2 protein chains.
Amino acid sequence: MAEKKVCEDLVKERKKCTFNVEELTRLIDGGEDKTMERREVEDMVINAGGLSTKDEVPEEYLSHKERYENAIRKASRLFEVFREYAKTHDTTDAFSPTNKYRVSFGVVKDISPFMLHMGMFVPTLMNQSDPDQVAEWLPKALSMQYIGTYAQTELGHGTFLRGLETTATYDPSTEEFVLNSPTLTSYKWWPGGLAHTANHCVVVAQLYTKGVCHGVHPFLVQIRDLETHMPLEGIKVGEIGPKLGFQTANNGFLGFNHYRIPRRSMLMKNAQVLKDGTYIKSKNDKLTYGTMVFVRVLIVTDLAYELSRAGTIAVRYSAVRHQSQPKPNEPEPQILDYVTQQHKLFIGVATSHAFRVTGNWLWNSYSKVIKDVSKGNMDQLPELHALACCLKAVCSRDAAARVEEFRLACGGHGYMASSNLPIINGIVTATITYEGEFTVLMLQTARFLVKAWKEATTGKVKTPTVSYLVEFFKNDRVIWENTPSTMIKGFQAIAAGKIRTAYETLEKHVKSGMDYEDAWNSASVQLVNASEAHCRAILTEISWKEMVRLSTTVSPSLAQVLLQLAELYLIYWTLEKRGDHLMYSTITRDDIQKLQTRYEELLALIRPNAIGLVDAFDVRDEILNSTLGAYDGRVYERLMEEALKSPLNAEPVNQSFHKYLKPLMLKAKL
Amino acid sequence: MAEKKVCEDLVKERKKCTFNVEELTRLIDGGEDKTMERREVEDMVINAGGLSTKDEVPEEYLSHKERYENAIRKASRLFEVFREYAKTHDTTDAFSPTNKYRVSFGVVKDISPFMLHMGMFVPTLMNQSDPDQVAEWLPKALSMQYIGTYAQTELGHGTFLRGLETTATYDPSTEEFVLNSPTLTSYKWWPGGLAHTANHCVVVAQLYTKGVCHGVHPFLVQIRDLETHMPLEGIKVGEIGPKLGFQTANNGFLGFNHYRIPRRSMLMKNAQVLKDGTYIKSKNDKLTYGTMVFVRVLIVTDLAYELSRAGTIAVRYSAVRHQSQPKPNEPEPQILDYVTQQHKLFIGVATSHAFRVTGNWLWNSYSKVIKDVSKGNMDQLPELHALACCLKAVCSRDAAARVEEFRLACGGHGYMASSNLPIINGIVTATITYEGEFTVLMLQTARFLVKAWKEATTGKVKTPTVSYLVEFFKNDRVIWENTPSTMIKGFQAIAAGKIRTAYETLEKHVKSGMDYEDAWNSASVQLVNASEAHCRAILTEISWKEMVRLSTTVSPSLAQVLLQLAELYLIYWTLEKRGDHLMYSTITRDDIQKLQTRYEELLALIRPNAIGLVDAFDVRDEILNSTLGAYDGRVYERLMEEALKSPLNAEPVNQSFHKYLKPLMLKAKL
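Overview of the structure. In this text, all values refer to a predicted model and were calculated from it rather than measured experimentally.

### Concerning the nonpolar core
Looking at soluble globular proteins, one finds that nonpolar side chains tend to be buried together.
Part 1 of the argument: Within the largest apolar cluster, 375 residues are counted, with the highest numbers of intra-cluster contacts made by Trp189 and Phe355 of chain A together with Trp189 of chain B.
Part 2 of the argument: In this view, Phe355 of chain A contacts Val300, Leu303, Ala304, Leu307, Cys395, Asp398, Ala399, Leu539 and Tyr569 of chain A; residues no more than four positions away in its chain are not counted.

### A short note on the interface of chain A and chain B
Part 1 of the argument: Counting residues at the interface gives 142 residues for chain A, matched by 142 residues for chain B.
Part 2 of the argument: For the pair chain A and chain B, the two sides together bury roughly 12,100 Å², of which 60% comes from carbon and sulfur.
Part 3 of the argument: Among the residues chain A hides against chain B, the three largest losses belong to Tyr415, Arg589 and Leu664 of chain A. Together they make up 7% of the total.
Part 4 of the argument: Along the contact surface separating chain A from chain B lie 14 salt bridges.
Part 5 of the argument: A salt bridge links Asp580 of chain A to Arg578 of chain B, with the nearest nitrogen and oxygen atoms 2.9 Å apart.
Part 6 of the argument: Inspection of the chain A/chain B interface yields 62 residue pairs in polar contact (both at pLDDT 80 or more).
Part 7 of the argument: No other element matches the 11 residues that helix H24 (residues 656-669) of chain A contributes to the side of chain A that touches chain B.
Part 8 of the argument: Residues that form the side of chain A that touches chain B fall into these classes: 56 nonpolar, 49 polar and 37 charged.

### A word on the sheet that holds strand E7 (residues 235-239) of chain B
Residues and elements named next belong to chain B.
Part 1 of the argument: Taken together, 3 strands build an open sheet; the order of strands is E4-E8-E7 and the sheet is antiparallel. In this open sheet, the two strands that pair with only one neighbour each are strand E4 (188-189) and E7.
Part 2 of the argument: Bridge analysis of E4 against strand E8 (residues 252-256) gives 2 bridges, and the strand direction is antiparallel. By the bridge assignment, Lys188 is partnered in E8 with Leu254.

### What about the side chain of Arg224 of chain A?
Part 1 of the argument: Within the secondary structure layout, Arg224 of chain A lies in the loop between strand E6 (212-222) and strand E7 (235-239).
Part 2 of the argument: Buried charged residue Arg224 of chain A carries no salt bridge. Nearest counter-charge: Asp225 of chain A, at 9.7 Å.
Part 3 of the argument: In this structure the side chain of Arg224 of chain A is engaged in a polar contact, spanning 2.9 Å, whose partner is the backbone oxygen of Ala195 of chain A.
Part 4 of the argument: With residues up to four places along the chain from it excluded, the contact list for Arg224 of chain A reads Ala195, His196, Ala198, Asn199, His229, Met230, Pro231, Leu232 and Val237 of chain A together with Pro652 and Val653 of chain B.

### Points about the pattern of salt bridges
All names here are of chain A.
Part 1 of the argument: For the structure on display, the rule yields 97 salt bridges over all chains.
Part 2 of the argument: One salt bridge in this structure joins Arg447 and Glu517, with 3.1 Å as the shortest N-O distance. Of this pair, Arg447 sits in helix H13 (residues 438-456) while Glu517 sits in helix H16 (residues 516-522), and the two are 70 residues apart along the sequence.
Part 3 of the argument: Assessed through its relative accessible area of 35%, Arg447 is described here as partly exposed.

### Observations regarding the relation of the copies chain A and chain B
Part 1 of the argument: With an axial shift of 0.0 Å and an RMSD of 0.0 Å, the rotation relating chain A to chain B amounts to 180°. One copy is carried onto the other by what is essentially a two-fold rotation axis. It is Gly579 of chain A whose C-alpha, among those of chain A, lies nearest the rotation axis, at 1.4 Å.
Part 2 of the argument: A share of 100% of interface residues in chain A that are also interface residues in chain B marks the association as one of identical surfaces.

### Quick word on helix H18 (residues 556-576) of chain A
Part 1 of the argument: Between the first and last C-alpha of H18 of chain A there are 30 Å, a value that for 21 residues agrees with the 30 Å anticipated at 1.5 Å per step.
Part 2 of the argument: For H18 of chain A, the tally of buried residues reaches 16 of 21 residues, placing the bulk of the element in the interior.

Reading the values: the criteria
- Residues numbered from 1 in each chain as written.
- Chains lettered and ligands numbered in written order.
- Predicted model: local features only at pLDDT ≥ 70, side-chain atom pairs only at ≥ 80, totals over all residues.
- Heavy atoms only, no water.
- Core = buried A, V, L, I, M, F, W, Y, C linked by side-chain atoms within 4.5 Å.
- Buried < 20%, exposed > 50% of the residue type's maximum accessible area, 1.4 Å probe, protein only.
- Contact = heavy atoms within 4.5 Å.
- Buried area = accessible area lost by both parts, 1.4 Å probe.
- Salt bridge = Lys/Arg side-chain N within 4 Å of Asp/Glu carboxyl O.
- Polar contact = N/O pair within 3.5 Å; in protein donor to acceptor, adjacent residues only side chain to side chain.
- Helix = DSSP H or I, 4+ residues; strand = E, 2+ residues; numbered from the N terminus.
- Nonpolar A, V, L, I, M, F, W, Y, C, P; charged D, E, K, R; others polar.
- Pairing = 2+ DSSP bridges.
- Lys, Arg positive; Asp, Glu negative; His and termini not counted.
- Least-squares fit on C-alpha atoms with pLDDT ≥ 70 in both.
- Expected span 1.5 Å × (residues − 1).

Here it is as structure tokens:
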């Protein structure tokens, strides 16, 4: 296809931009070298043979089965391309999971059936196997002889790990574990790639030895024959069916009928079972925290990335779409010129930045804490865990709301699959549930906050992220000024106030004679609110400080834009939570109206840079996969081109006319 | 399939119920006769041959094309069943569009490709044709010789009707109109059934006669041959492709290449074109308002119905699902016992009731106004229009949020297509955009409110729904008490305050020298907020008053439950908007905490009736189509049964193993 002209609206928008787009791209990537590396990988994948989707029937028209087969074809080719690249390049950095994940969107257009292989199977083998096991298994896993997944969740059991029913009972006579699924609800359910792709998986099961249950432990289990791919005797495996999204993830179920595996299939870095069945306990239960925290930290930055994809689509579309005629005899304006549209879009762009910088900050905290842990110091682990829980929960909710707002901002066309917004929606909304359900995570953070509050009443708090509790313990009403530092202080006062209220409610219930856990349940709506308030205090403070810090590292023209986005984010949330600020500060109606005016000023300031801001996300057309969001803005042409690929459009008359409609019409005449 | 036992949890729940479920069902339906009639129609459809889906491969596994063909097969059979029934029954009432729409879910499982035939094509012919045209066209449309749809929206033009580009130019020499699509953006885009189903459609086009454009008018246009179904010469028609939902609606595009239709194809009840090309203007432009308002009123009650479907699924699942073990040695509780879960669920159930009673109230207002209009009195039309706009907009947003909350309340299983929640989500979220985009409608209401505010400054307001403005014109701060009437007053004070603020911002911009329309745009975020506040004042007042009124017509045990739901709805929104109440009343932190406590008490009071409340919605399994929500609560069995229907599960090894995975594994060994 010859290069098509860029739509005039976008040409004009790009001329308006006041900052260097490439400079922002490099900032987002984390440096020029990272940007170059990313582009090199993208080039390689996009230009590799056997991956182009341009002339194929788009995935959405295919049957569920065809989509799976298509995804396997592409994911396999993609793996080969990466394998080839790894021969000549240091891939430890370029092939961070994040990079692979992103570029694979361009190819698979949804979740790859191999996602859990690299995302969970390999990391679990690396982190939970002993050295001999790593030496034996890891090369096979990395080279795809073992195609794996991670099977923990069961049909009847999710977040509550202790409730898992799958058993692994040690038989010392044969030195084997017997895996069994005693009930329907004990079937493993959900693991990506499990259905028809994986030949191995890590299975989490209740370990029994010498008649005693030792709780859940991980086991490496072969489930299919390596030659024939047939499920092995004693294994029942299949797919769980279509979902809201993740159509090509090949999520599966798995049941065991007294299925035997060797003793050394248990991942033995931590706990062990000796030949005679003796159970050796793990030295530290908290070590497994690490992976969970790791995944949740990654989710926050992934959400920032998904927001950049959705934002690119919605902002570019809004520059190309024209609507209404507020003034007679003037042309219909770009919808991007409507302030209500800017209100829908710019907060989403600002949120992408806020999540990215907060995610990076969380990543640094994580790295520090993990270093401490490796030295035997676990002190910071509970704080990190509490942070990762509420940030994952709140950011996933916020991101889903923002993506939906982006989608709605594209009117009817945002409902088209070819816009790609429905798929991004499906991916983002799933994060609210997986890797720790929203409410469960919020209540885990609340447990930490209640403890911190008790500490604060003594005037001291051990951990920095809740040190604000001490300040607001006595007086929780902030003297208001319309400044960023007061707004941040305001969010801390709100958090302190809500933690206090929830705590007092909890105490009141306990004093009235309730069990602690009943009291906890009764106060749980308020406890979740307290966690959210704490998370808002973190998000507003960290995103503001990080954006201010970054602004000192770039050119003045870019610095200005970064500060506008940071201020927009802060004011947006101050206005959104004005009810809470009214409760915990001296803010007045007049202050609020002034913030509203400033918010509207910021929308106007950001407006000329709107396209520059999304261009800087640098999401290529081949990865964006959107009729509405392509770089050239040929929105209507692309919508029609995609529609014409429909197999239904290949025939002027569908067979159903002769079979059903015509008989119906004939009967009418009788 | 033999009748399966009802799950023990649901048996117990049903015993707890304190009211007569059937009594509530009849109240919801609008009387015993309506309930009986509805069930009769449902029985007929469910028991009719050729419609059962039980042993078929579920729709979600099929290709896009197969899904369409399947939908046509079922919709045609459904039409025949209804036609047969109409021979012996008075169908004017039983076959209200609402009833048909609902029962067709059980059959088509998504939107029928005939939906716009009965929903828009027939009503437009009835309302906008002259008597001769009605006599000629209506019988053909009702009997399905004319299979029709309604084509207004274009690829480049939605809400802004004046922007439509399709032209209908009158040629007096042949007494024909020439329809033309001058650009790509002028192609009709979106009409349901247009792609491969309809042979006729009402086309809205710019009318030109004697060289003058008279704006948009409707035309009846044949697009396919009645014998062969081939698109006629000069017509380009096809489908627009897959979407987030509405997969079987067969949405299409349509372009005209100087396509000629007879003069009498123009719908001539209002405006007319004479043989010589003379244009006769419609006597009243506002008459076309009627249909738009009608559709928006229907949407509010449809949303109530969709909430009842989603609520049935989520509440029943929550009674069957057990999770965690807050107390050692006790079994895992039903998740319905977690207060956070009740918080997610019960407001959704209460919202269904609030929307239904408000929708019915709006319907009565509509009927009254339309009666007046038919007598030539248009006075109440602007108020009705303003009401329908904001209620449609706000209720669609709220409903989408509640459905998503229901879905998330089902954890991972709510993400399964077989839960049916993704499909309901797709249907409900679309209502935010179609039949008037959210922001556009909110700003239409705002135009009315700004006028009403100007009137209020004179001390008098013409229309009852904004009469509160007079009261709060001078003093907008309500003296707070924690009572329903104060809460309602509070919402009115908020609305008045926000209308005032938006109005003042608008005036300020105008005084600063802006054009009125620029000032309007600059103030539009605040204007939308004002519309929302007005709508909340209407929703809280009407739903409270209607629920109180209904509670006087039922048994005391049911009355108690209705009042609990009404109070829950009112307090939920008071807490949700506490920031606004803090600005416009004397409410204190202490009042708010007391309301929070009362809210939590209400959750506990409603808890034992949770299953009774959703049973009373009386949505049959065959219409609910949900693995999670069936009456018997066999959640896990159904999930597995549905999964086993996957064509991927019909073979132990998918062909992609041999084609792609095995070569990948072999290369690894080299």
